[in-house]
Amino acid sequence: MEILEILYEKDIGKLPFINRKIKIPEGKNAILFGTKRSGKTFLIKEYLSRFPKKKRLYIDMSDLRMDIHSIKSNLQEFINKKGIEIVAIENYNEQIPLPETKQLILSSEKPLIKENFETIHIRNLDFEEYIAFEKKSQDIKAIFSNFLKNGTIPEIIQQPEYNKIARIQEILTLAFKEDSLFLTFREAALSQGHKSSPYHLFTKLKSKTRISKDRFYSNYEELKKRGYIYSVEKYGSSNAAKKIYLFDFTIKNALTFEKEFSKMFENMVFLELFKKGGSVFYYDYIDFLLPDISHAVICVPFGNEVMIQKKVHKALKGLNEHKIKEIDIVTVGSSFEFEENQIRCHVLPFYEWALIEMEG
């Protein structure tokens with residue numbers, strides 16, 4: 001039991017106060033899953049820090065010093081001997097039988113199905129959470145400028161500028177230990193914000209490297225399940241090509257020198273919408289259609305009033321049957337309002353739009 005004794009005596013360490021919207025439910029068994037470095041460890045350690053040291057046990061199975069056979073054989077006995085009430089197992093390995101204790105918290109990059117556990121998807125920071133992380137400025141425009149550069153992975157904010165790309169590349173390497181999984185992700189990432197299909201991506205990747213169709217499709221579905229890529233359907237046309245978005249809108253910058261600011265901006269808006277909940281689709285000339293609340297969102301990073309109004313006018317053609325009540329036009333800095341076909345149109349900079357609640 002030497003390993004467990006060492007872990008039991010080890011301090012969690014001092015944690016900075018960072019307010020995240022997602023919390024671990026008190027007293028309930030929970031599974032936290034999410035992409036690499038999304039903040040699972042911080043949430044678990046912050047939760048454990050509220051309880052007496054002698055009543056908790058933290059285990060990280062990704063630690064190379066761990067002996068899974070020793071953990072399997074001795075964990076329950078150790079919990080009983082020490083009177084431990086809360087056990088957290090990070091990067092949970094399913095070879096370990098679930099121990100009996102008052103509260104059990106597991107973490108994984110993949111969703112796990114366990115009876116009597118609440119499953120919590122931990123995603124990267126949204127803009128509101130990023131503001132709590134940002135320490136360099138109190139000016140909202142400056143914070144937004146940094147958000148555009150840093151993206152949504154919490155630890156990247158703290159990295160020096162010269163090391164950010166290298167650290168993102170390291171995170172991807174850690175996340176995709178199998179080479180074909182990384183190649184599949186990279187191919188999807190290069191299509192950020194564009195309409196595509198798994199077959200089209202497979203065809204492009206196959207022209208560059210050897211990979212079977214079955215392997216590619218399996219990888220693609222795993223990436224979606226783990227939350228590294230998202231695909232958005234065209235409204236009313238599920239067979240049409242889907243738009244591809246990534247778990248972090250800046251991630252493509254670590255994979256290619258090619259820049260598409262408009263698509264990165266669109267991905268940023270999508271992630272905010274996705275966190276707000278509800279069904280999200282795209283439509284002809286509409287970046288995001290939210291039929292549940294009769295709302296549409298159009299991304300126009302840069303543009304004057306005339307150009308924006310023309311874009312909205314074009315987008316509304318053929319949309320009458322969807323009964324859109326409001327349109328948000330998300331920009332980098334523009335702000336004004338107008339009406340088009342009796343529909344209210346709100347032009348807002350991202351840093352204002354991301355902090356408001358949308359209503360139907």
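Since this is a predicted model, take the numbers as computed values, not measurements.

Summarising the model, the protein chain shows a mean pLDDT of 92, and 96% of its residues fall at 70 or more. Considering each helix and strand of the protein chain separately, the mean pLDDT is smallest for helix α11 (residues 305-316), with a value of 90, and largest for strand β8 (residues 242-246), with 98.

Mapped onto the elements of the fold, Tyr-245 is located in strand β8. Residue Tyr-245 is classed as buried on the basis of its relative accessible area of 0%. Taking the C-alpha atoms as reference points, Tyr-245 and Asn-267, separated by 22 residues in sequence, lie 5.7 Å from one another. Apart from residues lying up to four places away in sequence, Tyr-245 is in contact with Gly-193, Tyr-228, Ile-229, Tyr-230, Val-232, Glu-266, Asn-267, Phe-270 and Phe-288.

Two numbers describe a pair of aromatic rings. These are the distance of the centres and the angle of the planes. In the structure shown here, the tally under the stated rule is 30 aromatic pairs. On the numbers, 4.7 Å between centres and 55° between planes, the contact of Tyr-230 with Phe-274 is tilted. Here Phe-274 lies in helix α10 (residues 261-276) and Tyr-230 lies in strand β7 (residues 229-232), a separation of 44 residues in the sequence. Between the aromatic rings of Tyr-245 and Phe-270, the centroid separation amounts to 4.7 Å while the plane-to-plane angle is 15°, which identifies the pairing as stacked. Separated by 25 residues along the polypeptide, Tyr-245 in strand β8 and Phe-270 in helix α10 bring together distant segments of the chain. In terms of burial, Tyr-245 and Phe-270 fall into one category: buried. One aromatic cluster is present, built from ring pairs that chain together Phe-127, Tyr-130, Phe-144, Phe-147, Phe-249, Phe-261, Phe-265, Phe-302, Phe-350, Tyr-351 and Trp-353. One cation-aromatic arrangement involves Lys-276 over Trp-353; the distance from NZ or CZ to the ring centre is 5.7 Å.

In this structure, Phe-144, Val-269, Phe-288, Phe-350 and Trp-353 are the most contacted members of the largest nonpolar core, which totals 34 residues. Not counting the four nearest positions on each side in its chain, Phe-288 is found in contact with Tyr-245, Glu-266, Val-269, Phe-270, Leu-273, Val-280, Phe-281, His-295, Ala-296, Val-297 and Cys-299. Counting residues in each nonpolar core, the second largest holds 26 residues, with Ile-153, Ala-188, Ile-211 and Tyr-228 among its members.

Another point: the side chain of Asn-267. Relative to the helices and strands, Asn-267 resides in helix α10. On the basis of relative accessibility, which here comes to 0%, the residue Asn-267 falls in the buried class. Within the structure, Asn-267 has its side chain in polar contact with the backbone nitrogen of Leu-246 (distance 2.9 Å). In contact with Asn-267, other than residues within four places in its own chain, are Gln-192, Tyr-245, Leu-246 and Phe-249.

This part takes up the pattern of salt bridges. Following the criterion strictly, the structure yields 28 salt bridges and no others. In this structure, the salt-bridge partner of Lys-234 is Asp-284, at a minimum N-O distance of 3.0 Å. Of this pair, Lys-234 sits in the loop between β7 and β8 while Asp-284 is found in the loop between β9 (281-283) and β10 (286-290), placing the two residues 50 residues apart along the sequence. What makes Asp-284 partly exposed here is its relative accessible area of 34%. With a closest N to O distance of 3.0 Å, Glu-260 and Lys-252 form a salt bridge. Since its relative accessible area comes to 32%, Glu-260 is described here as partly exposed.

Okay, helix α6 (residues 164-175) next. The terminal C-alpha atoms of α6 lie 17 Å apart, and with 12 residues this matches the ideal 16 Å at 1.5 Å per residue to within 8%. Taken together, the buried positions of α6 are occupied by Lys-164, Arg-167, Ile-168, Ile-171, Leu-172 and Ala-175. Taken down its axis, α6 places every buried residue within 140° of arc, on the same side. The inward-facing, buried residues of α6 contact α5 (140-150) and α7 (179-189).

Cut-offs used in this document
The residue numbers shown here count from 1 along each chain, following its written sequence. Note on the predicted model: pLDDT of at least 70 is required for a residue's local features to be given, and 80 or more for side-chain atom pairs to be given and counted; whole-chain, interface and lining totals, by contrast, use all residues. To obtain the side-chain values, all non-hydrogen atoms of the structure were used and water was disregarded. As a per-residue quantity, pLDDT reports the predictor's confidence and falls between 0 and 100. A run of H or I in DSSP counts as a helix once it spans at least four residues, and a run of E counts as a strand once it spans at least two, with each numbered from the N terminus. With a 1.4 Å probe rolled over the protein chains alone, any residue whose accessible area is under 20% of its type maximum counts as buried; one over 50% counts as exposed, and the rest are partly exposed. The contact criterion used is simple: two residues touch if any of their non-hydrogen atoms lie within 4.5 Å. Pairs were defined over the aromatic rings of Phe, Tyr and Trp, the Trp ring being its six-membered one, requiring ring centres within 6.5 Å. Orientation was assigned from the angle between planes: stacked under 30 degrees, edge-to-face over 60, tilted for the rest. In this analysis the charged atom, NZ for Lys or CZ for Arg, is taken to sit over a ring once it is within 6 Å of the ring centre and within 35 degrees of the ring normal. Definition used in this section: a nonpolar core is a set of buried Ala, Val, Leu, Ile, Met, Phe, Trp, Tyr and Cys residues joined via side-chain atoms within 4.5 Å. Pairs of N or O atoms within 3.5 Å make up the polar contacts considered here, provided that, within protein, one atom can donate a hydrogen while the other can accept it, and that residues adjacent in sequence are counted only when both atoms are side-chain atoms. Each salt bridge in this description consists of a side-chain nitrogen of Lys or Arg and a carboxyl oxygen of Asp or Glu lying within 4 Å of one another. Here the expected span of a helix is defined as 1.5 Å times the quantity of residues minus one. Within this analysis, the arc is defined by the directions that extend from the helix axis to the C-beta atoms.

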